[in-house]
Each structure stands twice: as structure tokens, then as C-alpha cells.
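Listed here are the chains, written in short residue letters.
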Amino acid sequence: MDLPPITFSVDIAAPREEVFAYFADPRHRADWQSSLKRVEMLDRGEPRVGIRWKDHTKVGVVAELETTVQEQPERWAETGSWRGVRADLSMIFESLADGGTRAHVEAVIAGEKTYVVLALAAWPAMPVALRMDVRHAGRIIEGRSG
């Protein structure tokens, strides 16, 4: 069962290349994603399609993720799974006239069997939490830019 997609945009006062590079690197995730305790890289090397990692959450869930799209600096996407729950996150980066970037975000979450209950229980908080996390990442990127 697919839950309704989460879609929103966030403006970040930094060049598109910097915004893309930050979000595309899973090693940054624990800095901006509030639910994470740490990231465990499963593959070595620079961010790329196929790179895999584990997100260790503060509540004990360990999800496996993989980059599925990396079209620098326009588009990046990942897929992740934990038991019967799957989440797909994609971002499109648009250059703004003032030199900043608009990050268009879409997340789709689906659950199978009894795990759909877990996804449904967490659903009301997901859009708010994801938007807050992306805005937090934007502030980090802005602080590093320039």
C-alpha cells in the first residue's frame, strides 16, 4: 500500500552544485536528519548511483538505502527499506536568479502486510519532519557556502 506522496520545495541560499553535493553524500545525513543516530557506509568511494549505506535511527530501526539517481547537479534520488516498509526520496535542484537553489522534494512510502500499520502510524509526522530536516540541511549548506 502506497501512502500519499510528500512533496514540497525549499529555497537554499547556496549554488545548486553545493546543494546537490551535500544531499547526494550519505555521510552528511546524520548531521541534518533528526531521526538518525549515525550512518554506516556499506560501500567505499565517492557518492554515485549504487552506493549503499545503513541509517541507524534513534529509535533503533536500521534501514538499508541506496542511491538510485545521480544527475549532477539537477537530480538525485535514493531508495530505502526496512522489513516490509520502503521509502523513495527524490530531489530536483533548480537554480534561482539570485544564485540560490530551490530543492523540490518528493518522498513516497509504501508498506507491505503488517508493516503498513507501522508506516500509517508514523505518517502524520513524516511530512513535517522531512520538511524541517531539509530546511535544517539548507541552513547547514548556507553556513558552509561562500
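Quick look at the structure, then. (Residues numbered from 1 in each chain as written. Predicted model: local features only at pLDDT ≥ 70, side-chain atom pairs only at ≥ 80, totals over all residues. Heavy atoms only, no water.)

## Some details on the overall build of the chain
Right, on to step 1. Summing up its helical and strand segments, the chain has 4 helices and 7 strands in all.
Right, on to step 2. Tracing the chain from N to C terminus, the helices and strands come up as β-α-α-β-β-β-β-β-β-α-α.
Right, on to step 3. Counting only contacts in the chain whose residues sit at least 6 apart along the sequence, the fraction spanning at least 24 positions is 45%.
Right, on to step 4. Total accessible area on the chain is roughly 7,900 Å²; 53% of this is exposed by carbon and sulfur atoms. (Helix = DSSP H or I, 4+ residues; strand = E, 2+ residues; numbered from the N terminus. Contact = heavy atoms within 4.5 Å. Areas by Shrake-Rupley, 256 points an atom, 1.4 Å probe, with all protein chains shown as cover.)

## Topic: the sheet that holds strand E6 (residues 85-95)
Right, on to step 1. Spatially, E1-E7-E6-E5-E4-E3-E2 is the arrangement adopted by the 7 strands of the open sheet, whose pairing is antiparallel. With one partner strand each, in any of the chains shown, strand E1 (6-12) and strand E2 (36-41) form the two edges of the open sheet. Ignoring strand direction, the axes of neighbouring strands in this sheet form an average angle of 25°.
Right, on to step 2. Here E2 runs beside strand E3 (residues 52-57); their pairing, made up of 5 bridges, is antiparallel. Considered in E3, the bridge of leucine 36 is made with threonine 57. (Pairing = 2+ DSSP bridges. Axes fitted to C-alpha atoms, helices over the stretch in contact; angles between N-to-C directions.)

As far as function goes, none of this settles anything; it's purely spatial.
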